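Structural overview
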Amino acid sequence: MIEARNITKRFGDFTALDHVSVDVPTGSLTALLGPSGSGKSTLLRVIAGLDRPDAGTVSLDGDDVTGRPPQKRGVGFVFQHYAAFKHMTVQENVGFGLEVRRRPRAEIVKRVDELLELVQLKGLAKRYPAQLSGGQRQRMGLARALAVDPKVLLLDEPFGALDARVRKELRAWLRRLHDETHTTTVIVTHDQEEAMEVADRVVVMNGGHIEQVAPPRELYDAPANEFVMSFVGPVNRLGDTYIRPHDVELSLEPNGATQEAMVERLVHLGFEVRAELVRDDGEELSVQLTREQTDALELAEGQIVYVRPTRQTVF
Amino acid sequence: MGRYLLRCGALGYLAVLLLAPVGLVFYRAFEHGFWPAWHAIASPDAMHALKLTLVAAAIAVPANMVFGILCALAIVRYRVPGFRLVNALVDLPLALSPVVVGLSLLLLYGRNGWLGGHNVLFATPAIVLATIFVSLPFVVREVVPVLREIGTEQEQAASTLGASGFEIFRRITLPSIRWAVAYGVVLTTARALGEYGAVRVVSGNIVGQTETTTLFVANRYQDFETQAAYAASIVLALIAVVTLLLMNRLRPKEETR
């Protein structure tokens, strides 16, 4: 269990964290989600001991570690840009933590072997980081962090520097890894899809504050405020109502509670179709449809349709 | 065509300004065969001068290597207060004429100087001090940009893995900057072996006692003993070449791929 209490951290005039308190339950996989500058990475680094908070306390499993250096916290940290030890081979990188703990040779060899198996880098043990792809380097980074059996695993935008396909693969892989090991894990990301897919709890941060803490589904269905609503998915704003693009019904005939709009643009995204509408009062609206719905309505650009929100939120 | 001209120009420039003079010294040294050159080098005064030069370099180079690494760490990593000033001052020996360096040491350690009366001047300690002074900036100058470039992430990663400050330095930082250090050491060595002006002022230039190899070359030349002057020059040049070759030899395979 990680407990951060009233953490404040300033860099010069900039307040990165403003009295932030958060709990991460043992065995959970928690995402810190927010735009850049929201303080999510700083919070992670404060937990790791890499940044010192100006105020507040951090405790790990009930131990107050606020004054302790990173060496003595028992955390594993994975960096966005891998932080691979460039002059060491893959196995030397992974074994580093055990090496500095003066573990017996045989034990190190065995443990490194297991970990390389786990991260699927077995055949690359003798390579140098420069000879690996980004995805391989990051798996090495994970193995290195896991080698010392950390109480908590902290990942700072771990897949941020990878291309989209590898990112997706590694996400799924991280989730499986967590399901096997149950190490308490915190992952920092600015990608809401990543947070939703990987984590079982999401902490949404903005401007050095926490906006909401909830499981992914609840975050999407019951956002605490406008910021969370618009950060975790696309949203239309009409006056002070917020409507998700898939919570809109279109029809060709006016009927009661509908409003007239013109189809300005149709964007075909495979199975999904996005219709950009302009209402007669000039408000713009984006609607998400399936291909079947579009075909059934025989939608075309320039056409007049009638719009009825099926679900809307007012804060 | 343009590239061809550029290449010829660069090579011609090097040939005229560098290779020709050095080549000429080689030619002149061995003009009368190997043995005259050998006897000139093997003379007691020449040997003493060479020993003195090597002693000064053997003290100045390690001293400046250790100081240079610590200084670069202080400037880049720890941002020790006041080290911005040090960062600016470190280049002073490059900007200052060696003769001025010599004079300032003379004032400091001279009879009426702050640190006068310790038998420093006109003896080996003065030569060592002058050598350290003039060859001080090279390691710092080479290491600072590399330290900045490698950043702190690897060091932070090592700290989360449990490595102590010293272990991080020994196992992460030092291996990352070793080529900058090595290059700095080569430059320091070259400067230490070749220093003339500052050493000339503080050593007293006493033949067989405080005469370094560079002083030996100049003195013999002035006394029309050109054979000895050329031969000693060649020894200096050879030491420089050997230093460079050693550095290249030590370079491990992983770096050359």
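Source: prediction; values computed, not measured. (Residues numbered from 1 in each chain as written. Chains lettered and ligands numbered in written order. Predicted model: local features only at pLDDT ≥ 70, side-chain atom pairs only at ≥ 80, totals over all residues. Heavy atoms only, no water.)

1. Some details on the packing of helix α6 (residues 98-109) of chain B against helix α7 (residues 124-134) of chain B
Residue and element names in this part refer to chain B. Our working definition: Whenever a helix is involved, its axis is fitted only over the stretch in contact; in every case the axis is a line through C-alpha atoms, and angles between N-to-C directions fall within 0 to 180 degrees. The secondary structure listing takes helices from DSSP runs of H or I that are at least 4 residues long and strands from runs of E that are at least 2 residues long, numbered from the N terminus. Each angle receives one of four descriptions, namely roughly parallel if under 35 degrees, roughly antiparallel if over 145, roughly perpendicular if within 65 to 115, and oblique otherwise. Two helices crossing with the near one rotated counterclockwise from the far one by less than a right angle form a left-handed crossing, whereas a clockwise rotation gives a right-handed crossing. By definition in these notes, contact holds between two residues if any of their heavy atoms fall within 4.5 Å. Nonpolar residues are Ala, Val, Leu, Ile, Met, Phe, Trp, Tyr, Cys and Pro. Charged residues are Asp, Glu, Lys and Arg, and all others, Gly as well, are polar.
Look at α6 against α7: their axes get within 10 Å of each other, and the N-to-C directions meet at 135 degrees. In terms of orientation, α6 lies oblique with respect to α7. Between α6 and α7 lies a crossing whose hand is right-handed. Contacts between α6 and α7 pair V101, L105 and Y109 from the former with L129, A130, F133 and V134 from the latter. Class assignment of the residues belonging to the contact of α6 with α7 gives a composition of seven nonpolar, no polar and no charged.

2. Structural notes on the nonpolar core
Quick note on the threshold: Each nonpolar core is a collection of buried residues, namely Ala, Val, Leu, Ile, Met, Phe, Trp, Tyr and Cys, held together in the definition by side-chain atoms within 4.5 Å. Categorising residues by exposure relies on relative accessible area from a 1.4 Å probe, with only protein chains included: less than 20% of the type maximum marks a residue as buried, more than 50% marks it as exposed, and the intermediate range marks it as partly exposed.
Core analysis: the largest hydrophobic core is formed by 44 residues, its most contacted members being V94, L116, L142, L174 and V202 of chain A. Here V202 of chain A is in contact with A31, L33, A195, Q212, V213, A214, P216 and L219 of chain A, once residues within four sequence places are set aside. Core analysis: the next-biggest nonpolar cluster, separate from the first, contains 38 residues, L17, V46 and L60 of chain A together with I172 of chain B among them.

3. Re the interface of chain B and chain A
Selection criterion: Simply put, the buried area is the total loss of 1.4 Å probe accessible area from both parts when two parts are fitted together. Should a side-chain nitrogen of Lys or Arg be within 4 Å of a carboxyl oxygen of Asp or Glu, the pair is scored as a salt bridge. Pairs of N or O atoms are called polar contacts if they sit within 3.5 Å, as long as, within protein, a hydrogen donor faces a hydrogen acceptor (for residues adjacent in sequence, only side-chain-to-side-chain pairs).
Facing 21 residues of chain B, the contacting portion of chain A comprises 26 residues. Taken over both partners, the interface formed by chain B and chain A buries close to 2000 Å², and the fraction arising from carbon and sulfur atoms is 57%. Put simply, chain B and chain A have one salt bridge between them. Of the charged contacts, one joins E167 of chain B and R102 of chain A as a salt bridge, the two residues approaching to 3.2 Å between their closest N and O atoms. Run the count over chain B and chain A and you get six residue pairs in polar contact (both at pLDDT 80 or more). Secondary-structure elements contributing two or more residues to the side of chain B that touches chain A are α9 (153-160) and α10 (165-194) of chain B. Looking at the side of chain B that touches chain A element by element, the count peaks at eight residues for α10 of chain B. When the residues that make up the side of chain B that touches chain A are grouped by side-chain class, the tally is seven nonpolar, eight polar and six charged.

4. What to know about the sheet that holds strand β7 (residues 152-156) of chain A
All names here are of chain A. Formally: DSSP calls a pair of strands paired once it identifies at least 2 bridges connecting them.
Reading across the sheet, the six strands line up as β6-β7-β8-β3-β9-β10 and stay open at both edges, with mixed pairing between neighbours. Of all strands in the sheet, those with a lone pairing partner are β6 (75-78) and β10 (209-214), marking the two edges. Neighbour-to-neighbour, the strand axes of this sheet turn through a mean angle of 15 degrees, independent of strand direction. Inspection of the sheet shows β7 paired to strand β8 (residues 184-189) by five bridges, in the parallel sense. Each bridged residue has a counterpart across the sheet, and for L154 the counterpart in β8 is V186. Docked against the sheet, helix α1 (residues 40-48) engages β3 (29-33), β6, β7, β8 and β9 (201-206), running at close to 145 degrees with respect to β7.

5. Focus: the confidence of the model for chain B
Residues and elements named next belong to chain B. The line we're drawing: A residue's pLDDT is the confidence the predictor assigns to it, expressed on a 0 to 100 scale.
Averaged over every residue, the pLDDT of chain B is 89; residues scoring 70 or more account for 96%. Note that residues 253-257 has pLDDT below 50 and, in this model, nine contacts with residues that lie over four places away or in other chains. Here the predicted complex carries an ipTM of 0.88, next to a pTM of 0.85.

6. Concerning the environment of L44 of chain A
Residues and elements named next belong to chain A. Position of L44 among the secondary structure elements: in helix α1. Given a relative accessible area of 0%, L44 falls into the buried group. As a C-alpha pair, L44 and D280 span 236 residues in sequence and 48 Å in three-dimensional space. Setting aside chain neighbours within four positions, we find L44 in contact with L32, F77, L154, L155, D156, V186 and V188.

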